[in-house]
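A structural walkthrough
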Amino acid sequence: MTSRYEDLSRGELAVLLPELLLIGQLIDRSGMAWCISAFGREEMAQIAIEEWAGSSPVYTRRMQRALGFEGTDVVTIFKGLQLDIGAPPQFMDFRYTVHDPWHGEFHLDHCGALMDVEPMGPDYVRSMCHDIEDPTFDATAVATNPKAQVRPIHRPPRLPAGRSPHCAWTVVIDESHPEVEGVPALALVRNTHAATLELGAIDPSDEGQADYAGPLVSDLDFAAFSRSALARMADEVCLQMHLLNLSFLIALRARCESDEAQFTTIATRQLVGIAGIAAERIRRALGLPGGVEGALRVLALHPLLNPASYVQSSVADGELSVSASPAHDDGAWITLCGPTSLAPLQAIVRAVDPTYDVSVSGTDTDWTMRIVETGTAAQEFDEVAVTRISTGSSFEFEPRLSLPITPV
């Protein structure tokens, strides 16, 4: 099946890509609040470590292959970060320096995640910037070179207060370094359909840049890429979200033990929160219309239902139809939607019009959804309101010059 994103113009895709990367970052703003409530701050931090370390090596390699920049050096690591939901452009404003193929640095002129966590106090800042970042930065680098080490120059809590850049790190690849070992969840994630899914090749004859094989640039100019490349990138970023979520679910299930109700509740709350904010941002970024037509268009473009070959669905005759798919086999987000679980779908359509509801009929894997116009505005889901606390929910991208980075 072709990408659903191929229906968009090259310009629309260039706008959508940073949005999808930012939406991926906000998954944790949606999910971790409920983990803190259930398990406490320290256990939440451990869940985050396992979640990112279990997924980022998988999706990083996928993006490298898709855009033709596989390698073992610092430049390859930095290119991967620029296309990683863990480092969405501008919101996580990474600035890179390359000394040589094996030595580099980066700093963050703006860290949206820090802006979200800093008001919660220094313990939460340390959990994110120390406990979580140390193992997960290395886990991301291992996708390129297991001898890579990412180490802090300085990082929050910020001393003095308001220090800028927010943090700074070195990246060193050295044969003397011990190889980074993957977390146990990594093997499980690598065996999912999401990890091994084959997507359509980028058309090299399409107008625009077909890969990222050239020089590392300071800020990716998505408008420079071809429509074909952008559609593939959009599908890959959606797979990043699914892989991150699958890794999250592995970590969550380990804490819930035999309490299936607790597991389902937290997993669903995470989806409801990100589903609503994602729908809102996608609609606003692309200027999509209101009405039932606009709501169905948002659904078709939503990460919940993409890539098309992973989540089998179609929009026609005013309905969304879903059927059994690799995503169901993986236990992905779509398994939390259906006749007995309406909230994620309601959150999406209410991002277009708060008076909308949904009617769903069928089985757990094969169902049809219709939008119901109630005429009465529903209260925003608590899960969406929690996710909205993040500064990323209202973050606005700005034009940037894309300049090549040369060794210094």
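All of these numbers come straight from a predicted model, not from anything done at the bench.

1. Considering the overall build of the protein
- From N to C terminus, the protein includes 13 helices and eight strands.
- Here the protein has a C-alpha radius of gyration of 20 Å; the compact-globule value for 408 residues is 22 Å, and the two agree.
- For the protein, the residues scored as buried account for 55% of the 408 residues in total.
- Here the contacts in the protein between residues at least 6 apart in sequence split such that 70% fall between residues at least 24 apart.
- Carbon and sulfur atoms provide 51% of the accessible area of the protein, an area that totals close to 16,100 Å².

2. With respect to empty space enclosed by the protein
- Throughout the structure, instances matching the rule amount to one cavity of 30 Å³ or more.
- By volume, the largest cavity amounts to about 30 Å³.
- What lines the largest cavity is simply Ile77, Leu81, Phe106, Phe137, Thr140, Ala141 and Val150.
- At the level of elements, helix H3 (74-82) and helix H5 (122-141) are the ones that each hand at least two residues to the lining of the largest cavity.
- Here the lining of the largest cavity takes three residues from H5, the largest share from any one element.
- For the lining of the largest cavity, the per-class residue count stands at six nonpolar, one polar and no charged.

3. Re the sheet that holds strand E7 (residues 356-362)
- With antiparallel pairing, the four strands of this open sheet are ordered in space as E5-E6-E8-E7. Across the chains shown, the open sheet's two edge strands, defined by having one partner strand only, are strand E5 (313-316) and E7. This sheet shows a mean twist of 25 degrees between the axes of neighbouring strands, independent of strand direction.
- Here four bridges tie strand E6 (residues 319-322) to strand E8 (residues 367-373), and the two strands are oriented antiparallel to one another. When the sheet's bridge partners are listed, Val322 is paired in E8 with Trp367.
- Where helix H10 (residues 291-301) meets the sheet, it contacts E5, E6, E7 and E8, and its direction lies at approximately 145 degrees from that of E8.
- The strands that helix H12 (residues 343-350) touches are E6, E7 and E8; relative to E7, the one it contacts most, it runs at about 140 degrees.

4. Describing the sheet that holds strand E3 (residues 148-154)
- In space, the four strands of this open sheet follow the order E1-E2-E4-E3, with antiparallel pairing throughout. Both outer strands of the open sheet, strand E1 (92-100) and E3, are each paired with one neighbouring strand and no more. Each strand axis lies, on average, 20 degrees off the axis of its neighbour in the sheet, ignoring direction.
- Both E3 and strand E4 (residues 167-173) contribute to a ladder of six bridges, which runs antiparallel. Among the inter-strand pairings, His154 is bridged to a residue of E4, identified as Ala168.
- Each of E1, strand E2 (103-111), E3 and E4 touches H3; the most contacted strand, E1, lies at about 170 degrees to it.

5. Structural notes on the pattern of salt bridges
- All chains considered together, the criterion is met by 23 salt bridges.
- Note that Arg255 is salt-bridged to Glu43, the shortest N-O span being 2.8 Å. With Arg255 in helix H8 (residues 227-256) and Glu43 in helix H2 (residues 41-66), this pair connects stretches of sequence that are 212 residues apart.
- Taking the shortest distance from any N to any O, the salt bridge between Asp134 and Arg155 comes out at 2.7 Å. Of this pair, Asp134 sits in helix H5 while Arg155 sits in the loop between E3 and E4, and the two are 21 residues apart along the sequence.
- We classify Asp134 as partly exposed; its relative accessible area is 30%.
- When salt bridges with common partners are traced through the structure, they connect Asp93, Arg95, Asp219, Glu398 and Arg400 into a single cluster.

Cut-offs applied
Residues numbered from 1 in each chain as written. Predicted model: local features only at pLDDT ≥ 70, side-chain atom pairs only at ≥ 80, totals over all residues. Heavy atoms only, no water. Helix = DSSP H or I, 4+ residues; strand = E, 2+ residues; numbered from the N terminus. Rg over C-alpha atoms; globule rule 2.2 N^0.38 Å. Buried < 20%, exposed > 50% of the residue type's maximum accessible area, 1.4 Å probe, protein only. Contact = heavy atoms within 4.5 Å. Areas by Shrake-Rupley, 256 points an atom, 1.4 Å probe, with all protein chains shown as cover. 1 Å grid on protein atoms, 1.4 Å probe; cavity = no way out; pocket = protein on both sides within 12 Å on 5 of 7 lines; lining within 4 Å. Points joined across faces, edges and corners; volume = space filled by probe spheres on them. Nonpolar A, V, L, I, M, F, W, Y, C, P; charged D, E, K, R; others polar. Pairing = 2+ DSSP bridges. Axes fitted to C-alpha atoms, helices over the stretch in contact; angles between N-to-C directions. Salt bridge = Lys/Arg side-chain N within 4 Å of Asp/Glu carboxyl O.

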